[in-house]
Amino acid sequence: RAKQAGGDDVVTVLGVDAGLPGDVEQVDRSVRQAIAGDELRLVYQPIVRIQDRSVVSVEALVRWEHPRLGRLSPDRFLPGAERTGQMPALDRWVLRTACADLVTLTQRLGDAAPPSVNVNVSTRTLTTPFDETVLDVLAETGLPPDRLRLELPETADLTLLAGAHARLERLREAGVHLTLDDMGAGSTTLRHLSTLTVHGMKIDQVFVAGMLDNPRDHTVVKLLTDLGHGLQLRVTAEGVETAAQLEALAALGVEHAQGWHIGRPAPLEDLAATLTSP
Ligand code: C2E
Ligand code: MG
Ligand code: MG
Ligand code: MG
């Protein structure tokens, strides 16, 4: 397994990548190679019910064990993959791996396995026949549809999503859960609520981070929570870093929480160990 990169290299090389189109291609070609070369990894972060701390799901988050640069986080390579149309391929790999992992974990741990897995879907993927991919992967892996939760990006604009509407409906009817990610971070997610039936929403971590110091952030968290409950959605708070934040969220009636205070994203083996230790 690749070592953690000494940050300078990563920042320099990918900083250049972000700024100069000439270098973009080199790194982006590597994204494709990363899939072919088995360099992508998933880490899993628990999502718990605040009331009793039981694990309700885990979110799959992608990492890249770059042979030269070490472990790269998504903000270093997803923008490039997005620009070059490689997100559907990446999303497909993540989906297949995450579903297979949950099946494996369930065979090993039984009831101690997480009830479901959350998988992020990118905006570009929503313009492809992703419903076919999802249903294929569920059939291939044998994961029951209601154990999969798709996280829909706030960057997806309504016209794109309108094209994807029927496909999302089809998946929902098959039993797949739909969740709006990063609620409040973009201007479009609110509008999705009027046309798309979803199961849950995740409040963006920016508001959680500020809610104890900034009354405005607290108001936004409260409003989004009330909005979610008004629409009978399960509300999850992201980026919970302290016990005090968790308490404040519980007081607002937020059901689910995710963040470093509860658990860091970890490889499958570490997750399995955590789930089986008392
Ligand atoms: P996201 O879907 O909103 O995921 C939550 C991000 O917050 C993750 O960052 C997670 O590691 C981080 N996080 C969790 N708890 C805390 C906390 O307490 N404090 C702070 N400061 N951060 C916390 P990560 O893994 O770097 O992913 C960043 C974004 O990249 C994700 O945001 C998602 O939009 C995208 N992404 C990650 N994995 C995938 C993937 O497999 N497919 C797609 N399409 N997008 C992905
Ligand atoms: Mg997410
Ligand atoms: Mg999020
Ligand atoms: Mg985010």
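To be clear, the structure that these remarks concern was listed above.
Predicted model only: the values in this text are computed from it and were never measured.

What's the story with the coordination of the magnesium ion (ligand 3) in this structure? I'm lost.
Around a metal, the ideal angle is 109.5 degrees if four donors adopt a tetrahedral arrangement and 90 or 180 degrees if six donors adopt an octahedral arrangement. For the magnesium ion (ligand 3), the protein coordination sphere consists of D181 (OD), D182 (OD), E238 (OE) and E238 (OE), at 2.1 to 2.4 Å. Between the donor residues of the magnesium ion (ligand 3), the gaps in sequence give the motif D-D-x55-E. Separating the magnesium ion (ligand 3) from the magnesium ion (ligand 2) is a gap of 3.6 Å, bridged by D181, which donates to each. In this structure D182 comes out as partly exposed when scored by relative accessible area, which is 24%.

Explain the pairing of strand β8 (residues 234-237) to me, please; I cannot follow it from the model alone.
Consecutive residues of a regular strand have side chains that alternate between opposite faces of the sheet. Judged from the four bridges that link them, strand β7 (residues 200-203) and β8 form a sheet pairing that is parallel. In the sheet register, I203 faces β8, and the bridge partner there is A237. As a crossover connection, the stretch from β8 through helix α10 (residues 243-251) into strand β9 (residues 256-257) is right-handed.

Explanation requested: unusual backbone geometry in the structure shown.
Peptide bonds are mostly trans, and most non-glycine residues show a negative phi. One non-glycine residue, D38, adopts positive backbone phi at about 60 degrees. Mapped onto the fold, D38 is located in the loop between α2 (21-36) and β1 (40-49). One non-glycine residue, R53, adopts positive backbone phi at about 65 degrees. Looking at the element boundaries, R53 is found in the loop between β1 and β2 (55-66).

Reading the values: the criteria
- Residues numbered from 1 in each chain as written.
- Chains lettered and ligands numbered in written order.
- Predicted model: local features only at pLDDT ≥ 70, side-chain atom pairs only at ≥ 80, totals over all residues.
- Heavy atoms only, no water.
- Donors = N, O, S within 2.8 Å, 3.2 Å for Na, K, Ca; no water.
- Buried < 20%, exposed > 50% of the residue type's maximum accessible area, 1.4 Å probe, protein only.
- Pairing = 2+ DSSP bridges.
- Helix = DSSP H or I, 4+ residues; strand = E, 2+ residues; numbered from the N terminus.
- Right-handed = clockwise from strand over helix to strand, strands pointing away.

Limitation: the analysis is restricted to geometry and does not speak to function.
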